[in-house]
Structures are given as structure tokens and as C-alpha cells.
Amino acid sequence: MRYLPLTDNDRHEMLGKVGLSSVDSLFSDVPEIARLSSELELPDHKGEFEVEKIIESLAGKNVSTADVPSFLGAGAYRHHIPAAVDYLIQRGEFLTSYTPYQPEISQGTLQMLFEFQTQVSLITGMEVANASMYDGATSCSEAVLMARRITRRDKVILSGGLHPHYRAVTETHTKYLDIEIIDAPSDLNGLEDLSKLISQEVSCVVVQNPNFFGHLKDFSKLAKTCHANGVLLIAVVSEVISLGAVLSPGDMGADIVVAEGQSLGNPLSYGGPYVGLFATREKYLRQMPGRLCGQTLDETGRRGWVLTLSTREQHIRREKATSNICTNAGLCALAFCIHLALLGESGFRRLAELNHYRAVQIADYLNNINGVDVLTNCFFNEISIRLPGPADEVVSKLASRNILAGVPVSRLIPNENELNNILLVAATECTSEAEIEKLSKALKDII
Amino acid sequence: MTHSRDLSKSSKEQPIPVNSGQSGHQGLNMEEALLFELDSKGKSGVDLPTVPKFENRLGSVSRDSNIGLPGLSEPEVIRHYTRLSQKNYAIDTGIYPLGSCTMKHNPRLNEKLVRLSGFSGLHPLQPVETTQGALELIDKTASWLKILTGMPAVAMSPAAGAHGEFCGMMAIRAALDQRDGGKTSRRRVLVPESAHGTNPATASICGFIIDTIPANDSGRVDIEAFKKQMGDDVAAVMITNPNTCGLFESDIIEISELIHEVGGFFYCDGANFNAIVGRVRPGDLGIDCMHINLHKTFSTPHGGGGPGAGPVVLSASLAPFAPLPWVTFDDQNYSLVEHEIKPTEKFPIGRLKAFHGQMGMFIRTYAYMLSHGKDGLAQASGDAVLNANYIMENLKDLMTPAFEGPCMHECLFDDGFLRGTGVTTLDFSKAMIDEGYHPMTMYFPLIVHGAMLIEPTETESKRSLDDFINSIRYLAKSAISGKKEKFIGSPKFTPRRRLDETRAARSPILRWNSVKAQSNESDEAKTNNL
């Protein structure tokens, strides 16, 4: 087997040294009854070429967004990833290293994490950020738990514009922790006002910008109402490119910002692995979940980096830790970091502008179709439209014409009849005007 | 690789050469500034088309002020991250014997396959008729995991080991609640003192109270103490097997019977499944659920700390509580169940992450499984255990094994052999770095004084093991013979010498700050506090 370096001679010699006759005898501590007595119903090993063929054939059964016009979004976006990103993250020194527990021989990973934390702080408009979480949704649930630790209150208000999966993940994570969740109704029109729900019993309010339906909002006033009541404002960003064009949550007064970082550097990959961003105010630092990289000096006085404030974490605090998280999204964070480093200020801004421009084009094209209502006036790169019939049927029909038209809201919120005809349509810099025309023409044909 | 011994001998006689030149570089060892210090305003490493003039629809929230991101061209970014990469130790450059972390070879075929456009370009919310190959791959991977563990069901969506623990403990909580008519009064979860920190942390966020079970003299669960903890308030026991001392819990079947007798569940931490895969099915040990760290047993890359993937296998009694979503197959088509459909026999604990799981890790895992086959997997676990025992056997005359007898995939030493030398486990580890090795796991598990946990994995050659053994023996002899100074100042040949962790924690600097200059030297006054 090509990955196993020991030869039979090696094994024989090594067993001799250990004083045993067979590898099986190394498993003598395993109770007899638990040792495998019959062959597993699985195939034997295969060569690289055979494995490649099998997995290529599975890939071939899928329709890639790279090959057909795609307007899919709702929390995951296809963006162009510069070749340099994928090259650099595949360097073995990054790809095959572990959590930087030995800082003297992990300065590469640590310096990158410090840069990542800085980038995340800058784009979210916050003071500090951690070294990444699993994804945007789990970051959101961690933020809700952190707010409770800070406020010692148990009531949580979730905006009706919060991504339904983020809401579901937060509900799962808080299920057995005596947290009361107040779910606001779906905010299809972007007119929600949560301020009337706020009281001194509330721990936090979770909002999203742009919201799940694409509406952009200014949460500055809501932040003031929150703070007047000792409530934390948690802002969710599920399309991180928007931060190149839209006022940051930090500027609006958010206390914790969580985001899905996939759009920078990470392919769609059918939903994972992605990278969760988590940023907050410095005063809440010690209540943060996850790893943190900090600057320090070595014995000779040179600047260097280490993992720090680990007394918050499970390997030290065990059941009193701020979170049970151990693994982060290191490699995805690296991809994010390199992509944003390549873009720089001017590139990040132009990328955001380009995304917005294409979405404006889509809105204008679709607005001209009889029977289609564009519901979003202020948006970034994704809009909601109302169709004359169920959106999932339209999506199916267009998929058979090789157009991935968008995400029917009913796929995520199945039990609200008034949302059945709503379709989310997203654009990115990968969207061309020709593709928009194609979508528009096909939509006209079928409705 | 007999490089290091002579080098360090000569370094004792001569001062360590340090380039006192202007650049800070020392040959191939390059200094590298922070990205933000390499900024040239307006530069970008990505050429994007000019956006025509148009009226934006951002309303009142357009971002007008400067964000503060640095501008660099592509060659500058490539050089920056290439230089950073060269400051990392990696499995590609040498043995990485971190016990309990399982740093083994990452096959490059898997990296190639995950990048196929038919996977990388797949959106999680595409119509399922356009993602049949992806669903088939998830289903096939799930099926291998079920067969290898002898368990009837598996939840694929957890993002990492600790997330898998959360999934399993939530399922246990839900099952108990249902059995006890709404809200169970069982609150106690038993966790051995040698457990990973994630175990108690997870049980705690599922609303449980943690009671610790002590270890016996052989490094395993003290079965008599365990019996005394049994009662009708026990919800579950969480046991790592093989455990964090690198030992198989030989009373595992009795433990499983005892916990089931009192109506509790058996959570198995599968972090060390790599030691027994293809040889022992955890299902035959009576477990109710177990997470599998795909990045350990099935070698998906760790990438500097993640991402991971932590599918959880479930017994028949816990299967109905598996989280959403899951894949189904009707002999023709694959589908995804993304919502609870009532009435139903299933009571999902909810959703654990935004989409369907760590697909990129499933592809790598499936490729790894197909490449190994059942024969290769059994060979891999056998070699992993043989390698660990070979190291133990070759070091035990000089160092002090924490427990007697053969070990599984990792061997554990305490710091007994360092007593009186003035050298600590930390010093010993740092000296290993100068010998060209990543240290073993130190100070874990907590039940062993000054623990040193060595996990070589199956992907090291005998030559690599022998070189490693020679270096460790040399260090052990140096320590025992009183050459304390060799250890105290180490590491000496690394991009940085020992770093001041106390300082980092006392006044945390967690980001670069343009307003307050970053300190390049040991100048307290210049150091900002953000």
C-alpha cells in the first residue's frame, strides 16, 4: 500500500525488538469478543488511477456552477479565487501542519492568524477578532452564548431577517441551556422594527445585514436602543464581500459581529468546509470563544506570535470553558487571508462594487418581466423576487434548461405559504450580462 | 538524518553564529514583516474590470471611509506567504509525533480530487437533481463509516471532533428526555480524568453536570470507582478508547454493561479510532455513539488547526435523534431531508451547521478509504501500533514509561527520568526542536506528571523512527548526565527563540494597529495594548 512505508522485513525486525511474534498480538488488551472475527464487507486497496476514476465519475454526475449560469446565494457564493490562493494553501508547510502549539516552529501559521485577526477586525469595524470558527452559523450560536455570559440574561431576540439555518443552528445550540428565544416573523419586506421587543431582560438581539431576503439596513438606531437597555447587538454578515461596499456593523454600533468568510478564498464545495468570522469589542475579549493569536517577544527581544488567553479554552478550563471548540478553520482562514491580501483595499472595494453592479443589473432586467416583482430596493448582491407561482417549480424547470436560477425561499422556510413564490437571486463578479439576459429570457418563457 | 548531533556539539564550543547584518535574515531563514507593513496604497494583486458608472442601491449605508487594508501585488503576496510557510514545521518536512493529534501523511491525490469542478463548484442549495454525485459520495462515505464501526447510523454534518461530541451528547439528552416523558432528571455525565478537555466542555453546554472518574494504576478507568458512581441520575459516560494514555480500555465491555444497566448511555470519544480501524468495531463494544475525527483516522489535512470533520455513528436507540440534514436513497435517486416532516419516527436534535457538512473532507476521506481498502486500513492501524511500541521499547531503558505493558498507537512517558536534572518536560521538548523534530504532546494527559505522549503514526519509515529514537536517546542521556544548559536555552536554531507567553496574555496585542506603531523591539513604551 503506497502510503505505508514499513516493509514486511521491517515489521518482522521491529516485532522482534518488541518481543512479539505478530502485529495481532499487540492488540492483546482488546477483549477477545471485540476482535473482528469475519472479513468486513468492503473492497481491498486500490491504485491512484482507479480511485481517481471512481471519484471523477461521481463529480461528473453533478452540475457545477462553474459550467452553467448560476444565481445561487443564500449564504454561500461563487466568487473567482485567484490561482495564487490555491497554490499557497497547498504548500505542505501550511497544509500539513497542526495547531501552532509550539510557537518557535509555527511562526508562519501564527503570523498568518495575526494578519487574519487584523483583517477581520478591519472589515467588520471591530476591535478584536478570533482565529476563526467552523462557519457563520456556528459563529452566530457562539455569539448568543457569549452575550449571555456577558449580560447574565436569558432572553434572545432573533431577527426575521436572520438566515433560517443560522436561526436553526442557534436554536440547537441553546436548546438545553435555559435560553428563551424570541423569533421575529420573516422580514420579507425589510420593514421589521425590533426595538419594541427590547427590554432589560433581553441578553442580545441578532440581526443580519444584508438580511436573508437581501435588504440592507442601518442598525445604528437599534444599537442605541439595545445599549440603553444593557442589551448586546449581534450583527451577522453572510456575504462578507458586502463589507467592501456597506457600512460595517462596527460603525453601526454592533457589539459582536459574526460572518461567513467563505466568499473570500474558499470554494462552494457543496457547503463546507467554510470559515466563521468572530469579532467583538476589546472589553468582551475574555468572554470570546475560540483560539486567539497574540503578539509577544522572544528571548532575544524579537517580535513573534503565540496562541494566547487559552485559559478561556476547553483544554485548560474543561467544563468551565467559554466553548467546547478546539479545531478551527485554519486552512480556510489562510485562504481568506491570502485572497484579501491580494485584493487589498482597492481590490476589495472594486470587487464589492462589481458584485453590487451585477445585482443592480439583475434587478433591472427582472423588474421588466411581467409577473415578476422585485421586492428589494436597497440591497448588495442578492435580491428577492416574487414569482406568479411556486419558486421551487420555476427553479426546477430552469435547472433542466441548465440555469441555476437562485434559491427558492421555501427550501429553507418550508411552512410559510406566503413565501412559496419568493426566489432569492444573487450575482457576483462571475455573473455576466449575457447570463443575466439568459435568465431573464428563460424566466419570461416559463411564467 | 544524523545531522543534529554533530551540529549541537560544535555549538557548545563555539558561539552560535548570528548574522548581525542589517536585514535580520540568516541565510535561508528570512525575516518577514506583517502584511500591513508592506502596504503600498492603491496597489492590488487582482485585476478586476472597471465598473461602469451606475446609480447604487445601497441606500443610506454605503461604506465611505477607509477600511485600512494594505495593497500588494501578486509577487509580493506570494513571497510573503511563501516566507511565512517556511517558518512552519509540517508533516511534509518531518515526523510530527504529537500524541492524540495524529499527524500522518496527507495524500495529494485527495487534494486533487477535492478540487474537481464537479465538487468545488457545487452550491449547497442547488436542486438535488443537479447534485446526485455529491449525495452519492456522502452516502458511500457514510456507509464505509457504518461498516467500519459496526454501527447502524451516522450523522455526517458535525464540523469537527468537538462538534461531533456535541451532536452525540445532544442526541443522548433528547433520547433521555423522550424516554423520561419530556424532561429527564438525569444530569450526571461521567468523564475520566484523562479525558480530552472537549468532553467535559461539551457535556456542560448540553446542560449536564460533570463527575470525574479516576484512573487506576494501569492508566485505565478505575472500574471499582466507576461502579460507585452508578445510579439512576447518570445520563452518560464519555470514554475515549483507546484512551489518551494510549491504552485500550480492557474493561470496556463491563463499562458498557454497567452504564446500560442503570439506564445511561455510552459516549465513546473516537479521537483514537485510527489505532483500531479495520480490526475492532466499536459497535461490538456496546457503545451508543462515537465521533470520528476524519482529519485523524482518515488523514484529511490539519492545515494549521483545521478544518476538521466529525461524523458521529449512532446506535439504533439514538439514530432517530440524528441532526438535520441527512441523505436518503430510493434505489434510483438520492435526496436530502432538510426539515422535520411530521408525523415521523424521527426526532432530529436540529441543525448543527449552515449546510450539509464538511463536503471537502468527505471527498478526501472517501478517496483515502478507497485507496486503503479494508486490508490497507487494518495494515495502517497495525503499523501505527507497531511503530508506537517500537519507540516505547527503544526508549524505556532511559526514559520512564507512565504505564506498563504494550501500548496502542501512542506511547506515554512521565518526567520521572528528568527528576533532579533541572530539565523539565518543556525544556526537553524545546531541545527536540533543535534536533530537527516537532515535540511530542507535552503535559497531557493530565493524570501523568510532566507527560510526554508520542504518536508516530503508520506513515513513518523504520529509518525515520530509528533517527527519531537516536535523537531522543541522545537528549535523554544529555539530561541525565547533567547537561542542563543544552536544554534551558533551546531552541536555538529556529526563526524565534522561546516566546514570552506570559507577556502575550498580560497585555494582549491581537491585531496590527496603524495608529499605534507596532513594536519591533523589546520596547514596552512602543507596544500598544490592542
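Residues numbered from 1 in each chain as written. Chains lettered and ligands numbered in written order. Predicted model: local features only at pLDDT ≥ 70, side-chain atom pairs only at ≥ 80, totals over all residues.

1. What to know about the overall build of chain B
A count of helices and strands for chain B gives 15 helices and 13 strands. The C-alpha atoms of chain B give 26 Å as radius of gyration, which agrees with the globular expectation for 530 residues (24 Å, within 12%). Viewed in the frame of its principal axes, chain B has a C-alpha envelope of about 75 × 75 × 45 Å. Residues counted as buried form 57% of the 530 residues belonging to chain B. When contacts within chain B are restricted to residue pairs at least 6 apart in sequence, long-range pairs at least 24 apart make up 71% of them. (Helix = DSSP H or I, 4+ residues; strand = E, 2+ residues; numbered from the N terminus. Rg over C-alpha atoms; globule rule 2.2 N^0.38 Å. Buried ≥ 20, exposed ≤ 12 C-beta atoms within 10 Å, placed from the backbone. Contact = placed C-beta atoms within 7 Å.)

2. Looking at the sheet that holds strand β7 (residues 276–280) of chain A
Residues and elements named next belong to chain A. Here seven strands make up an open sheet; going across it, the order is β1-β7-β6-β5-β4-β2-β3 and the pairing mixed. Looking at which strands have only one partner, the edges of the open sheet turn out to be β1 (128–129) and β3 (180–183). The pairing of strand β6 (residues 256–260) with β7 spans five bridges and is classified as antiparallel. Considered in β7, the bridge of Ile256 is made with Thr280. This element, helix α6 (residues 136–151), spans β2 (155–158), β4 (202–208), β5 (232–237), β6 and β7 of the sheet and lies at about 165° to β6. Most of the contacts of helix α8 (residues 220–228) go to β5, to which it runs at about 145°, and overall it touches β4 and β5. (Pairing = 2+ DSSP bridges. Axes fitted to C-alpha atoms, helices over the stretch in contact; angles between N-to-C directions.)

3. Details of the pairing of strand β13 (residues 422–426) of chain A
Looking along a regular strand, one sees the side chains alternate between the two faces of the sheet. Residues and elements named next belong to chain A. When you tally the buried positions in β13, you get five out of five residues, the bulk of the element. Neither face of β13 is open: one carries Ile422, Leu424 and Ala426, the other Leu423 and Val425, and all of them are buried. Pairing of strand β11 (residues 382–386) with β13, which is carried by five bridges, proceeds in the antiparallel orientation. Considered in β13, the bridge of Arg386 is made with Ile422. Two elements, strand β12 (residues 407–408) and β13, share two bridges in a ladder whose sense is antiparallel. Each residue of the ladder has a partner; that of Pro408, found in β13, is Leu423.

4. Some thoughts on the nonpolar core
Core analysis: the biggest nonpolar cluster contains 310 residues, and Val205, Val206, Ile234, Val236 and Ile338 of chain A together with Ala171 and Leu314 of chain B have the highest contact counts within it. The greatest single-element share of this core, amounting to 21 residues, is contributed by helix α11 (residues 330–367) of chain A. Inspection of this core shows a minimum of three residues originating in each of domain 1 (83–339) and domain 2 (344–446) of chain A. Apart from the residues lying within four places of it in its own chain, the contact partners of Leu314 of chain B are Met151, Ala153, Val154, Ala155, Ala171, Cys289, Ala319 and Ala322 of chain B. (Core = buried A, V, L, I, M, F, W, Y, C linked by C-beta atoms within 7 Å. Domains from an automatic or database assignment.)

5. Observations concerning the sheet that holds β13 of chain A
Residues and elements named next belong to chain A. Pairing in this open sheet of four strands is antiparallel, and the strands run β10-β11-β13-β12 from one edge to the other. Only two strands of the sheet have a single neighbouring strand rather than two, namely β10 (373–374) and β12. Note: β10 against β11, two bridges, orientation antiparallel. Along β11, the bridge assignment pairs Asp373 with Arg386. Lying over the sheet, helix α12 (residues 391–400) contacts β12 and β13, oriented at roughly 50° with respect to β13.

6. Some words on α11 of chain A
Spacing of three or four residues puts side chains on the same side of an α-helix, whose turn is 3.6 residues. The terminal C-alpha atoms of α11 of chain A lie 42 Å apart, and with 38 residues this falls more than 12% below the ideal 56 Å at 1.5 Å per residue. For α11 of chain A, the tally of buried residues reaches 31 of 38 residues, placing the bulk of the element in the interior. (Expected span 1.5 Å × (residues − 1).)

7. Here's the deal with the domain arrangement of chain A
Residue and element names in this part refer to chain A. Domain annotation of chain A identifies domain 1 (83–339) and domain 2 (344–446). Listed per partner, the contact involves 16 residues of domain 1 and 22 residues of domain 2. Considered class by class, the residues forming the side of domain 1 that touches domain 2 number eight nonpolar, seven polar and one charged. (Nonpolar A, V, L, I, M, F, W, Y, C, P; charged D, E, K, R; others polar.)

8. Focus on the confidence of the model for chain B
All names here are of chain B. Scored by pLDDT, chain B comes out at a mean of 92, with 94% of its residues at no less than 70. Scored below 50 in pLDDT, residues 1–13 makes ten contacts in the model with residues more than four places away or belonging to other chains. Segment residues 517–530 is flagged for pLDDT under 50; beyond a separation of four residues in sequence, or across chains, it makes 21 contacts in the model. Across the predicted assembly, pTM comes out at 0.96 and ipTM at 0.98. (pLDDT = per-residue confidence, 0-100.)

9. Section: α12 of chain A
All names here are of chain A. Looking at α12, one finds that the buried residues are Ala391, Val394, Val395 and Leu398. Down the axis of α12, the smallest arc covering the buried residues is 100°, so these residues share one side. Of the surrounding secondary structure, the elements contacted by the buried residues of α12 are β12, α13 (409–412), β13 and α14 (433–446). Asn402 occupies a position one or two residues after α12 and carries a positive phi of about 65°. (Arc of directions from axis to C-beta.)

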